[in-house]
Amino acid sequence: MKENTFANMEYVYEVYKEGSFSRAAANLYISQPALSATVKKIEKKIGMPLFDRSTVPVQLTECGKKYIKTAEKIMDLEEEFECYVGNLNDMLTGRLSIGGTYLFISFVLPGIIKKFREKFPQIKLNLVEAHTSQIEKKLFSGEVDLMLDNYPMDEEIYDRRFFMKENLLLAVPASFESNKAAQAWGMTSDDIKQNVHMRPELYGVALKLFEQDPFLMLRAHNDTRERVEAICKRAGFVPRVAFKMDQILSILAYTEREMGIAIVSDTVVKSLPYNRNIIYYKIDDPAAQRNVYFYYRKNKYFTKCMAEFMKIAVEEKEL
């Protein structure tokens, strides 16, 4: 009987993902010589190389690209069967991979994950924390089942389920002189936690009052950054950027230390302890509101694990 060419495809796939035999070996908890020998054995069975080892990182050959595409199809079928069996066993087995940015993984999901694990302790949970673009690639490839994000995803590729609404707020150090002219609109972090900014009778502040203040911004190619630029443009000014950063939490830390003003999400404010050093203002602009969704691949088997996780997430949010 001919030996299955895809018997050890996880080894080849790990080298492909990492672009390195040494990193792949570390992830697989085997030695690099053992991994190299296994891959060479597979290549010998095929009759041609899967990797071009002369490049750094290692690259797939044309045959290697076809091998990986076939391996991904096999893994999808295996996962679908496991999920089918898991559903038959009434959540007594299975796995679920959740992806999100640092904000969602650290501040939004912990309570949901705790309840899910308490209810379904047999389900193996995997959390993937990265930038939105990196998580989206993993969602597309099937490494991640559900992705929680506020960035609009391609509706031709992904389905989504609503999770919550987010609001962007202006955050200003309490010591800044610009607060004096906007005193009637100011709110504390406790006000935000009590959703005072959601009251329809409360008007947004005139952002032009703060146009001379230094601005703290996220880097480009980010949904919040794009919204901030649009909001400021409609308010009639271009922000004077003092610093560009990768994380909203970093921006808030610098705001607290009087390094500048910022536009931040109420999700972050609600997740942090009371902070008397920052005053918050509601923003009346269509870009100041956005929806957060759970995203998943179209045409992929929608598992009971996924359904139960999102059900618990909605219930937790409504508490």
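Residues numbered from 1 in each chain as written. Predicted model: local features only at pLDDT ≥ 70, side-chain atom pairs only at ≥ 80, totals over all residues. Heavy atoms only, no water.

1. Quick look at the nonpolar core
Looking at soluble globular proteins, one finds that nonpolar side chains tend to be buried together.
Consideration 1: By size, the foremost hydrophobic cluster in this structure holds 25 residues, and its most contacted members are Leu109, Phe163, Phe294 and Phe309.
Consideration 2: When residues of this core are traced back to their parent elements, those giving at least two are β3 (95–100), α5 (102–108), α6 (110–119), β5 (146–149), β6 (158–173), β11 (289–297) and α12 (304–318).
Consideration 3: Setting aside anything within four residues of it in sequence, one finds Phe294 in contact with Leu109, Leu146, Met147, Leu148, Asp159, Arg160, Arg161, Phe163, Phe309, Met310 and Ala313.
Consideration 4: Of all hydrophobic cores here, the second largest spans 20 residues; its members include Phe176, Ala182, Phe237 and Ile283. (Core = buried A, V, L, I, M, F, W, Y, C linked by side-chain atoms within 4.5 Å. Buried < 20%, exposed > 50% of the residue type's maximum accessible area, 1.4 Å probe, protein only. Helix = DSSP H or I, 4+ residues; strand = E, 2+ residues; numbered from the N terminus. Contact = heavy atoms within 4.5 Å.)

2. Looking at the pattern of salt bridges
Consideration 1: On inspection of all chains with the given rule, the structure shows 22 salt bridges.
Consideration 2: One salt bridge in this structure joins Glu155 and Arg160, with 3.9 Å as the shortest N-O distance.
Consideration 3: For Arg160, a relative accessible area of 38% corresponds to the partly exposed category.
Consideration 4: One salt bridge in this structure joins Arg219 and Asp246, with 3.0 Å as the shortest N-O distance. Linking Arg219 in the loop between β7 (214–218) and α9 (223–235) with Asp246 in the loop between β8 (240–245) and α10 (248–256), this pair joins segments that are 27 residues apart in sequence. (Salt bridge = Lys/Arg side-chain N within 4 Å of Asp/Glu carboxyl O.)

3. Focus: the layout of surface pockets
Consideration 1: Here the largest pocket is characterised by a volume of approximately 1500 Å³.
Consideration 2: Around the largest pocket sit 41 residues that line it, and Tyr13, Glu79, Ser141, Gly142 and Glu143 are the ones nearest its centre.
Consideration 3: Residue assignment for the lining of the largest pocket shows that the elements contributing at least two residues are α1 (9–18), α2 (21–28), α4 (62–88), β3, β4 (124–129) and α7 (132–141).
Consideration 4: Broken down by element, the lining of the largest pocket gets its largest block of residues, ten residues, from α4.
Consideration 5: For the lining of the largest pocket, the per-class residue count stands at twelve nonpolar, eight polar and 21 charged.
Consideration 6: Looking at the second largest pocket, it is lined by 30 residues, and the ones nearest its centre are Thr101, His131, Thr132, Asn222 and Asp246. (1 Å grid on protein atoms, 1.4 Å probe; cavity = no way out; pocket = protein on both sides within 12 Å on 5 of 7 lines; lining within 4 Å. Points joined across faces, edges and corners; volume = space filled by probe spheres on them. Nonpolar A, V, L, I, M, F, W, Y, C, P; charged D, E, K, R; others polar.)

Just distances and angles here, no functional claims.
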